[in-house]
Amino acid sequence: MSWEFTLPDALLHTSPGGALDAAAGACDPAMENEAFAAFYSRSSRPLWAYLARSSSDPALADDLMQESYVRFLCAAGAPALATDGEAAARLYLFRIATNLLRDHWRRPRAASIEEIPEEFFAARGDTAQTESQLLLEPAMRQMKPRERQMLWLAHAEGYSHREIAQVMGLNAASVRLLLFRARRKIAALLRARAADADGRKS
Amino acid sequence: MNLTSCPYEKELRELMARGQWPDACPPELRAHVSGCRSCGDLVLISEAFQHARVESLAAARPVAPAVLLWRAQLRRRNAAVERIGRPLLGAQIFACAVALFAAAGFAGFEARSGVAWLTWSYWHDWLVQLPQAAAAQWTTVSAGSQTGSAWNWLVLLPALATLLLLGGVAVYVATDKP
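Because the structure is a prediction, the values reported are computed rather than measured.

### Things to note about the environment of Q166(A)
All names here are of chain A. Along the chain, the position of Q166 falls in helix α10 (residues 161-168). Of the residues examined, Q166 reaches a relative accessible area of 37% and is grouped as partly exposed. For the pair Q166 and R95, spaced 71 residues apart in sequence, the C-alpha separation works out to 7.4 Å. Residues within four places of Q166 in sequence aside, it is in contact with L91 and R95.

Here it is as structure tokens:
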């Protein structure tokens with residue numbers, strides 16, 4: 001089903017509100033079709049994984065992922081898929097997501113128990129935990145948010161120092177140093193967790 | 001802090017990216033990794049993150065792209081409506097300022113002829129006399145005679161309204177961006 005058919009007439013570009021469309025037309029219309037859908041299908045899961053692992057909160061990752069794409073579509077300076085390529089668009093998207101995460105962490109927030117989704121408790125009550133839940137997640141929780149982001153981009157997404165610098169708004173030399181430290185720290189934590197797990201087994 | 005990485009690290013990284021670690025890599029490299037802390041860390045971390053990535057990719061439940069396109073379109077429209085509304089607000093503020101200025105000017109002008117107009121009885125009399133005064137104005141105007149207080153009002157009010165209207169339109173046109 002084409003998405004245009006799901007929209008109310010008043011919100012379509014072909015609607016009589018032409019003046020509004022002209023004023024709102026900061027976005028490339030070609031982006032709003034199959035090209036975006038294809039880009040989305042290739043980038044949404046990696047983006048969600050990045051957000052979920054950096055924040056340790058799948059519900060937050062859902063929200064921030066949607067917000068990242070909406071901002072990407074609305075941004076006047078976003079790279080065009082046709083001309084700038086998907087790699088540039090993906091970096092831009094990750095940068096938006098990184099900024100959203102940073103904003104989220106900066107914002108003081110108090111959540112009541114009713115606001116926490118059921119899955120949050122269900123997931124923690126599940127005894128069949130995966131390897132990464134047992135080893136990586138506790139280690140990640142002990143890392144600083146920026147270190148988590150950097151490590152994920154470097155070792156899960158395979159980004160270079162220059163690309164990480166672009167995503168995080170830092171310079172490449174700083175990324176190299178920070179990543180070196182973060183890598184040492186998480187390696188020590190992972191080894192300690194593995195040793196603990198081995199000790200418990202034996 | 002020594003940031004120099006192991007010379008084998010690049011090769012190791014490439015092998016891992018191609019999925020050739022550890023089965024399809026030379027035994028020397030395997031032996032090196034078991035003794036090198038930097039390469040050992042790299043393997044440990046990369047394997048942990050790659051496992052986590054695979055799990056997370058499977059756990060992701062992205063919404064349909066149409067929903068995001070719709071939300072983006074809605075947001076752009078709201079932003080456009082806000083942009084269009086901004087000069088209108090400016091025009092309204094300008095019109096109010098002109099009206100206040102004109103009212104103050106008129107009050108000042110009237111005050112010169114005394115402070116009687118500030119009393120309630122003055123306005124009561126003025127309202128009572130207004131119909132006769134308005135009827136008499138045409139003869140007064142056609143005769144070119146002196147203008148009275150009621151005549152001032154009859155001329156000033158439409159003039160003020162026109163000024164406000166034109167002022168608002170002028171500000172709107174000046175601040176509206178194509």
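### What about the packing of aromatic side chains?
Residue and element names in this part refer to chain A. A complete count under the given rule lists nine aromatic pairs over all chains for this structure. Note on Y50 and F94: the rings are 5.2 Å apart at their centroids and 40° apart in plane angle, and the pair reads as tilted. Of this pair, Y50 sits in helix α2 (residues 34-55) while F94 sits in helix α5 (residues 86-106), placing them 44 residues apart in sequence. Ring geometry for F94 against Y159: centres 5.8 Å apart, planes inclined by 80°, an arrangement best described as edge-to-face. Here F94 is found in helix α5, whereas its partner Y159 is found in the loop between α9 (145-156) and α10, with 65 residues between them in sequence. Exposure remark for F94: the relative accessible area of 0% places this residue in the buried category. Given a relative accessible area of 13%, Y159 falls into the buried group. Pairwise contacts between aromatic rings join F36, F39, Y40, Y69, F72 and Y92 into one cluster.

Calculation rules
- Throughout this description, residue numbers start from 1 for each chain and increase along the sequence as written.
- Each chain is given a letter, starting from A, and each ligand a number, starting from 1, according to the order in which they appear as written.
- Reporting in this predicted model follows two pLDDT cut-offs: at least 70 for local features of residues, and 80 or more for side-chain atom pairs to be given and counted; totals over whole chains, interfaces and linings ignore these cut-offs and use all residues.
- Only hydrogens and water are set aside when side-chain values are computed; all heavy atoms of the structure are taken into account.
- Helix numbers and strand numbers start at the N terminus; a helix is a DSSP run of H or I with at least 4 residues, a strand a run of E with at least 2.
- Each residue is placed in one exposure class: buried if its accessible area under a 1.4 Å probe, protein chains only, is under 20% of its type's maximum, exposed if it is over 50%, and partly exposed if it falls in between.
- By definition in these notes, contact holds between two residues if any of their heavy atoms fall within 4.5 Å.
- We call Phe, Tyr and Trp rings a pair once their centres come within 6.5 Å, taking the six-membered ring for Trp, and we label the pair stacked below 30 degrees between planes, edge-to-face above 60, and tilted otherwise.

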